[in-house]
Amino acid sequence: MENKRWYDKEPTLSLAVSLIKNSKEEVQIKCADFIKEKAQNYGVTLNNNLFGAFNYVLHRWYDSSEQLSEAFCYLKEAELETQKQIAIEVIAFLEKAETC
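Undergrad: Talk me through the environment of Val 17; I want residue IDs and the actual numbers.
TA: Its place among the elements puts Val 17 in helix H1 (residues 11-21). Sequence separation between Val 17 and Tyr 62 is 45 residues, and the spatial gap between their C-alpha atoms is 9.6 Å. Sequence-distant contacts of Val 17, defined by excluding residues within four places in its chain, comprise Tyr 7, Trp 61 and Phe 72.

Undergrad: I'd love a proper account of the pattern of salt bridges, names of residues and values included.
TA: The final tally for this structure, using the stated rule, is 5 salt bridges. Residues Asp 33 and Lys 36 are paired through a salt bridge, measuring 3.7 Å at the closest nitrogen-oxygen approach. With Asp 33 and Lys 36 both in helix H2 (residues 25-41) and 3 residues apart, the pair spans about one turn of that helix. Accessibility expressed as a relative area gives 39% for Asp 33, which makes it partly exposed. The class for Lys 36 is buried, based on a relative accessible area of 15%. Note that Glu 89 and Lys 38 form a salt bridge whose closest N and O atoms lie 3.1 Å from each other. Linking Glu 89 in helix H5 (residues 80-99) with Lys 38 in helix H2, this pair joins segments that are 51 residues apart in sequence. One connected set of salt bridges, linked through shared partners, spans Asp 33, Lys 36 and Glu 70.

Conventions we followed
- Residues numbered from 1 in each chain as written.
- Predicted model: local features only at pLDDT ≥ 70, side-chain atom pairs only at ≥ 80, totals over all residues.
- Heavy atoms only, no water.
- Helix = DSSP H or I, 4+ residues; strand = E, 2+ residues; numbered from the N terminus.
- Contact = heavy atoms within 4.5 Å.
- Salt bridge = Lys/Arg side-chain N within 4 Å of Asp/Glu carboxyl O.
- Buried < 20%, exposed > 50% of the residue type's maximum accessible area, 1.4 Å probe, protein only.

Structure below.
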């Protein structure tokens, strides 16, 4: 079975994205900021035109929020091992956020 979405190629990342999707909107926004910070700490940068190009494609669930859309751009640009590490940290972040 072929995965259609870029984040489904790595199971940990797929789980993290699913948890984000099922979180409350305010938690999603906090998580987006968390993802951007972590990605930047790992040295992930965005091509200046990349984020602008994604703004025109609004059919994905995470495009409903500029913060989420940008965070997912960072995730997508990261190397696979970095994506996995950020996903692990996101899962822990969401677990803590949901218990507060």
